[in-house]
Amino acid sequence: MSWQQRIDAALDDRRAADALRTRRVVEQGAGRWLTVGDSRYCNFSSNDYLGLSQHPAIVRAWQQGAEQYGVGSGGSGHVSGYTRAHHALESELADWLGYPRALLFISGFAANQAVIAALTGKEDRIVADKLSHASLLEAASLSPAQLRRFAHNDVDQLATLLDKTCDGQQLVVTEGIFSMDGDSAPLAAIAEHARSAGAWLLVDDAHGIAVTGREGRGSCQQQGVKPELLVVTFGKGFGVSGAAVLCSEAVATYFEQFARHLIYSTSMPPAQAVALSAALGVIRGEEGDRRRAALAGLVQRFRHGAASLPVRITASQSAIQPLIVGDNSRALSLAERLRHQGCWVTAIRPPTVPAGTARLRLTLTAAHQPEDIDRLLEVLHEPGE
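As the structure is a prediction and not an experimental result, all values here were calculated from the model.

Enquirer: What exactly am I supposed to notice about the overall build of the protein chain here?
Expert: Check the secondary structure of the protein chain and you find 14 helices and 14 strands. Considering only C-alpha atoms, the protein chain reaches an extent of 60 × 50 × 50 Å along its principal axes. Residues counted as buried form 52% of the 385 residues belonging to the protein chain. The contacts in the protein chain between residues at least 6 apart in sequence include a share of 68% that link residues at least 24 apart. Summed over all atoms, the accessible surface of the protein chain reaches about 17,500 Å², with 50% contributed by carbon and sulfur. Of the charged side chains in the protein chain, 37 are positive and 40 negative, and the gap between their average positions amounts to 1 Å.

Following this line, the structure appears as structure tokens:
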């Protein structure tokens, strides 16, 4: 089979399964409203949970940062790309989350790949929740370590796997809030099993940071857990982009020597770091509390109205409210029907989610208004064609 035949066959398989991914060009896609051409939709597909991507003070901070530093960093942080803005943001994050050090990465995907690749060797074992993000599971699969997956949030199976003999070290991997189901990991129980086995714990809190916990410190603070490795990302609750790894002083120095994604990538623009510092200021303050409270109210409003829908909802109490449809074509059809009624939603299908669990991944944000939730519920309750 030639290269082209292999590509054509793979694409044909995706089309036949109604699983082909496509991108839409939008004029604006992060706020309450999403604009495509001349059409405007109420946006229920954005991860901008606190509505900070449009915040005037954060936008202004980025502009001021660009005026001071320019629009790019000019290199890796190990060469010339580590500015006072980067250093200040790392210090603020470490102070906020109670760790000695924070290291900035260009994305959450890069951070997860870097940590797992730099830490693990062939004698080690990674024990990961089977629904962990693709960046975690791919890094674990590509690492020389043995990968074992435990059933989603099943701490008993986790304990069984950790009890098995391992010649090296063990790393437990999970998310704080899971991106496709919106449910939370039982972090206290997971941390206890990891501690008992002498393992380290890595928590990716992409969907919890800024949105849950005191001052928005996330899932770990909310559950009273301090993992050895905490990954937080800035493309969701922060409303910007990028990521950071929180860890000890020694581990940070180790990553500075051996984390290739950190060493060989151009660092984020300094102006972005300035904007992220401004976002952190909002998140930690009274305005952040108000936005979190508003979001929590909208989540409860939606869940109350969705209880009688003819599709399955999960136990999620987060901003992620998936409607499990099952069939790929049905999920696509329902998403299209909602768009015709002015609600922008996205159908998520395998391989992103397990086979037979195609869904609409609805995301609520603090930028939404109660009437937006009511309109969404009204459309969802309308009989389908």
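After that view of the structure, there is still more to cover.
Enquirer: Looking at this structure, how should I read unusual backbone geometry?
Expert: A negative phi angle is the norm for most residues apart from glycine, just as the trans form is the norm for most peptide bonds. The omega torsion across Pro 350 and Pro 351 is 10°, close enough to zero to call that bond cis. Along the chain, the position of Pro 351 falls in the loop between β13 (347-348) and β14 (358-363). Even without being glycine, Asn 153 reaches a positive phi, approximately 60°. Along the chain, the position of Asn 153 falls in the loop between β5 (146-150) and α6 (155-163). One non-glycine residue, Ala 210, adopts positive backbone phi at about 80°.

Enquirer: Is there a simple way to think about the sheet that holds strand β12 (residues 343-344) in this case?
Expert: Two strands in a sheet stick together by hydrogen bonds in their backbones, pointing the same way (parallel) or opposite ways (antiparallel). Here we have three strands laid out as an open sheet, ordered β1-β2-β12, and mixed in their pairing. Pairing within the sheet leaves two strands with one partner each, and these edge strands are β1 (33-36) and β12.

Enquirer: So what exactly am I meant to see when it comes to the pairing of strand β6 (residues 170-175) here?
Expert: Along a regular strand, successive side chains alternate from one face of the sheet to the other. With six of its six residues buried, β6 lies for the most part within the structure. Burial along β6 is two-sided: Gln 170, Val 172 and Thr 174 facing one way and Leu 171, Val 173 and Glu 175 facing the other are all buried. Both strand β4 (residues 125-129) and β6 contribute to a ladder of four bridges, which runs parallel. Along β6, the bridge assignment pairs Ala 128 with Val 173. By the bridge criterion, five bridges tie β6 to strand β7 (residues 200-204) in an arrangement that is parallel.

What counts and how
Residues numbered from 1 in each chain as written. Predicted model: local features only at pLDDT ≥ 70, side-chain atom pairs only at ≥ 80, totals over all residues. Heavy atoms only, no water. Helix = DSSP H or I, 4+ residues; strand = E, 2+ residues; numbered from the N terminus. Buried < 20%, exposed > 50% of the residue type's maximum accessible area, 1.4 Å probe, protein only. Contact = heavy atoms within 4.5 Å. Areas by Shrake-Rupley, 256 points an atom, 1.4 Å probe, with all protein chains shown as cover. Lys, Arg positive; Asp, Glu negative; His and termini not counted. Charge placed at Lys NZ, Arg CZ, Asp CG, Glu CD. Pairing = 2+ DSSP bridges.

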